[in-house]
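What the coordinates show
Letter by letter, the chains look like this.
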Amino acid sequence: MSSPTRETPARTPRVKQKRGEGQWALGYREPLNPNERSKKDDNPLNVRARIENIYARGGFDSIDPGDLRGRFRWFGLYTQRKPGIDGGRTATLEPEELDDRYFMLRVRLDGGALTTEQLAVLAEISQTHARDTADITDRQNIQYHWIQIEDVPTIWSKLENAGMTTMEACGDSPRVILGSPVAGIAADEIIDGTPAIDEIKRRYIGDPRYSNLPRKFKTAVSGQQDVAHEINDVAFVGVNHPEHGPGFDVWVGGGLSTNPMIGQRLGAWVSLDEVPDVWEGVISVFRDYGYRRLRARARIKFLVKDWGAAKFRQVLEDEYLKRKLTDGPAPEVPATQIDHVGVHPQIDGKFYVGAAPVAGRVSGATLLAVAKAAERAGSNRVRLTPHQKLVVLDVPEAEVNGLKTELAELGLQTEPSPWRRGIMACTGLEFCKLAIVETKARAIELVTDLEKRLADIQAEIENPVTVHLNGCPNSCARVQTADIGLKGQIVTDEDGKQVEGFQVHLGGGLGLDAGFGRKLRGHKVTASDLTAYVERVVRAYIAGREPGERFAQ
Ligand code: SF4
């Protein structure tokens, strides 16, 4: 795969629109908001040297505010929420009033791929520097909390010595690339996307040409539909072309948060070798034509919505790739969501074993124990999934039951209840400065309660009922794509008091049922009534469904 060295194309400014969107390609190079100004003043990748040479030595108070609340993100660092501030006050305080002196730190793990040695390094960092915290995010990352700036260079050194990085884990940059946790070993896979992920990472991550994007840029590459490709900025989805064989169908413009949109197919088929070049073309279109005036309109989905897929493809081909793409078919949609939980045969005769922590919450101690259990079972490879689960690969048949038992003793069930399997939660009030409500602890409590209260109908639920909890209107836990999506907000209880609660979205899904849950007006639930509410909804679904009818139908 050759590495093109294209500079930002110089273009004659075209006729300016009535009110410019700040698109570089149309001549708007002057920053139109403080975020754009910050990125123009200094490439965010330069902050690493200041962290190593100034801030880690001088401590928290030595940090420049522009770096603290802006450029730090390019290396996976955000200040975490100051403890003790309730969610009702989130919107009333200035960002600096919410800032704790500790950080969350996100480690990008492209494709969620880890060796057991790397997992042990992640565990050691957690135990030494992060008070034993480690959450599996729904983008296959590990997220730490309680990080002190003084420790960051040491942590980077430990990570990089083990082949891991926090580079562009956050910020307006090409973030972690989602990939199939079982790439290369799954019977259902059309093609292994791993070489393309590795090549994109090798060529472009940390490249200053792509480190100042209008906003974040999320990528998914998978030979099967197990990475929520519909809601990524760009996705390459495995498909068989009738003439050219296995390759990828290209999607652009998916995203959640406010104004959620399902990605659009470009109708183009690309081979494995072509993926990095096409990825570079798409991210370049976004960099040059993406809207930079308003942060709320700066994701690629708004450009794709305004242009449509046909114009996007034409600009991609004519201005960036300088060639036409091959037309291709749509991939077939699987009947159920693929989360890889349970025991599954690999194509080489071994097995992979997927386990379900609740809402991705684990710890350094747990990660270390998983690494050791995997090695005892003869495996050297562990994967994190976009469903906040983990999978041990390459397990010989004779070791499967022993591994299942060890994982269960760690609270990682391989045959979980539908609630344990289907729950996801974002960071929430415990650490996130934008949060309005608690999420992780509430998810754990909800699962525990539902397992008791719905034990009588559990056997009737063939597919997990997905319940996703978000701590605010952003959608870090993909609230719009759950059967029962819960968007945190302050609500009024029966006594007229303002309490933590959720706006409910019902019937969202990906894959066969791709679409966003319906937000029913006034359909809100208090946190204290949450378990009873979910129980009522599930019982009504079980009682009223047609044979074989899924929740989202
Ligand atoms: Fe924070 Fe909101 Fe994202 Fe949850 S959804 S992690 S509360 S920004």
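This report concerns the structure included in the present document. (Residues numbered from 1 in each chain as written. Predicted model: local features only at pLDDT ≥ 70, side-chain atom pairs only at ≥ 80, totals over all residues.)

**Here's the deal with the overall build of the chain**
Tallying secondary structure elements over the chain gives 15 helices and 21 strands in all. For a compact globule of 553 residues, the expected C-alpha radius of gyration is about 24 Å, and the chain comes in at 23 Å, within 12% of that figure. In terms of overall dimensions, the chain has C-alpha extents of about 70 × 60 × 50 Å along its principal axes. For the chain, with 553 residues in total, the buried portion stands at 52%. (Helix = DSSP H or I, 4+ residues; strand = E, 2+ residues; numbered from the N terminus. Rg over C-alpha atoms; globule rule 2.2 N^0.38 Å. Buried ≥ 20, exposed ≤ 12 C-beta atoms within 10 Å, placed from the backbone.)

**A look at the site of the ligand**
Close to the ligand lie Cys 426, Thr 427, Gly 428, Cys 432, Leu 434, Ala 435, Asn 470, Gly 471, Cys 472, Asn 474 and Cys 476. For the shell around the ligand, the per-class residue count stands at six nonpolar, five polar and no charged. (Near = placed C-beta within 6 Å. Nonpolar A, V, L, I, M, F, W, Y, C, P; charged D, E, K, R; others polar.)

**Focus: the sheet that holds strand β9 (residues 245-252)**
Strand order across the open sheet formed by six strands is β6-β7-β8-β9-β10-β11, with mixed pairing between neighbours. On the outer flanks of this sheet lie β6 (174-179) and β11 (326-327), each paired with one strand and no other. Sheet analysis places strand β7 (residues 217-222) next to strand β8 (residues 234-241), joined by four bridges and oriented parallel. Among the inter-strand pairings, Thr 219 is bridged to a residue of β8, identified as Val 234. Against the sheet, helix α7 (residues 194-204) makes contact with β6, β7 and β8, and its axis sits at roughly 170° relative to β6, the strand it touches most. (Pairing = 2+ DSSP bridges. Contact = placed C-beta atoms within 7 Å. Axes fitted to C-alpha atoms, helices over the stretch in contact; angles between N-to-C directions.)

**Remarks on helix α12 (residues 400-409)**
Considered for burial, the residues of α12 that qualify are Leu 403, Lys 404 and Leu 407. Relative to the axis of α12, the buried residues are bounded by an arc of 100° and lie together on one face. Along α12, the residues that are exposed and aim more than 90 degrees away from the buried face are Thr 405 and Glu 409. Buried residues along α12 sit in contact with β13 (351-355), α11 (364-376) and β16 (390-395). In the segment just after α12, Gly 411 is the residue with positive phi, at about 85°. (Arc of directions from axis to C-beta.)

**Description of the nonpolar core**
Here is a general trend for soluble globular proteins: nonpolar side chains tend to be buried in one another's company. Counting 151 residues, the largest nonpolar core has Val 392 and Ile 423 as its most contacted members. In terms of residue count, helix α8 (residues 275-289) provides more of this core than any other element does, eight residues in total. Aside from chain neighbours lying at most four places away, what touches Ile 423 is Val 358, Ala 359, Ala 443, Leu 446, Val 447 and Val 467. (Core = buried A, V, L, I, M, F, W, Y, C linked by C-beta atoms within 7 Å.)

**Notes on the sheet that holds strand β5 (residues 142-147)**
Taken together, the five strands give an open sheet; going across it, the order is β1-β2-β5-β4-β14, and neighbouring strands pair in antiparallel fashion. The sheet terminates laterally at β1 (77-81) and β14 (361-363), the two strands that pair on one side only. Averaged over all adjacent pairs, the angle separating strand axes in this sheet is 35°, with direction ignored. Pairing analysis gives four bridges linking strand β2 (residues 99-107) to β5, with the strands arranged antiparallel. Residue Val 107 lies in a different strand from β5, and its bridge partner there is Ile 142.

**Describing the packing of helix α14 (residues 440-453) against helix α15 (residues 530-544)**
With their axes 10 Å apart at the nearest point, α14 and α15 run at an angle of 45° to one another. Between α14 and α15, the angle is such that the two are oblique. For the element pair α14 and α15, the recorded crossing hand is right-handed. In this structure, α14 uses Leu 446, Asp 449, Leu 450 and Arg 453 to contact α15, whose residues at the interface are Leu 530, Thr 531, Val 534 and Glu 535. Of the residues that constitute the contact of α14 with α15, the class distribution is four nonpolar, one polar and three charged. (Parallel < 35°, antiparallel > 145°, perpendicular 65-115°, else oblique. Left-handed = near helix turned anticlockwise from the far one by under 90°.)

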